[in-house]
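The residues making up each chain are set out below.
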Amino acid sequence: EAQVTQNPRYLITVTGKKLTVTCSQNMNHEYMSWYRQDPGLGLRQIYYSMNVEVTDKGDVPEGYKVSRKEKRNFPLILESPSPNQTSLYFCASSSRSIEADTQYFGPGTRLTVL
Amino acid sequence: GQNIDQPTEMTATEGAIVQINCTYQTSGFNGLFWYQQHAGEAPTFLSYNVLDGLEEKGRFSSFLSRSKGYSYLLLKELQMKDSASYLCAVREWEIKAAGNKLTFGGGTRVLVKP
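This section reports on the structure supplied with the text. Just so we're clear, the structure is a prediction, and the values are computed from it rather than from any experiment. Here the residue numbering is sequential within each chain, running from 1 through the sequence in written order. Working convention: letters from A go to chains and numbers from 1 go to ligands, in the order in which they are written. Reporting of local features is limited, given that this is a predicted model, to residues whose pLDDT is at least 70; pairs of side-chain atoms are given and counted only at 80 or more, and all residues count toward the totals for whole chains, interfaces and linings. Calculation of side-chain values draws on the structure's entire complement of heavy atoms; hydrogens and water are dropped beforehand.

## What about the sheet that holds strand β8 (residues 76–78) of chain A?
All names here are of chain A. Two strands pair if DSSP finds at least two bridges between them. A run of H or I in DSSP counts as a helix once it spans at least four residues, and a run of E counts as a strand once it spans at least two, with each numbered from the N terminus. Ordered by their spatial adjacency, four strands build an open sheet running β1-β3-β8-β7, and the pairing between neighbours is antiparallel. The open sheet terminates on both sides in strands that have one partner only, identified here as β1 (4–7) and β7 (65–66). Bridge count between β7 and β8: two bridges; the pairing is antiparallel. Within β8, the position partnered with Val66 by the bridge is Leu76.

The following block contains the structure:
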């Protein structure tokens, strides 16, 4: 089954404690991205990756890091989480072709930083 | 950059029709998507328009006017399960990234009442 998976689905942590949210897709997609969703602000892109070893900042990259060492995985790293990073996070992937890159979303990770 | 506007909330009655408008300003326009998102869940793809006109898919239709920077999503024969947020997203070709960027509006929450 074609899917995007994220782990963990729920996480409560404390300020400053490094964490990683994993994202994996099994569709051989080149393009992957991370979004955060906050009430009234919609989905905002954090980072994206066009292919292996190619990543770039989205609209709200501060406080986050990513890596793309393999095509299927795109982890999101919070080196020193802060309460303003409490949010619902979605990973998404798509084919890179112009005509057919509907994004497929993971189930979401609800993060609370105390 | 992009500016995408859609109403925050709409209420309609079961069996009725609701039209959700989306206006956008962008360069390098390369398509407009509508997604449905139930509370706490991932967005799911509804429709895609890249040329002017109406695309119909069962009870859902989407319209695009590129010259006016305008789209709408039409939901007919509303059902209780249609209560959800509806996200307008504009795809923009980015020369720098040699790929597409997808930017979301804030979403329109639709409440269907019996």
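## Some thoughts on the pairing of strand β3 (residues 19–25) of chain A
Residue and element names in this part refer to chain A. Partly exposed describes any residue whose relative accessible area lies between the buried limit of under 20% and the exposed limit of over 50%, with all areas from a 1.4 Å probe on protein chains only and scaled to the type maximum. In terms of burial, β3 is largely enclosed, as five of its seven residues are buried. The pairing of β1 with β3 spans four bridges and is classified as antiparallel. For Gln6, the partnering residue across the bridge sits in β3 and is Cys23. Here β3 pairs with β8 via three bridges, running antiparallel. Its bridge partner lying in β8, Thr20 is registered against Ile77.

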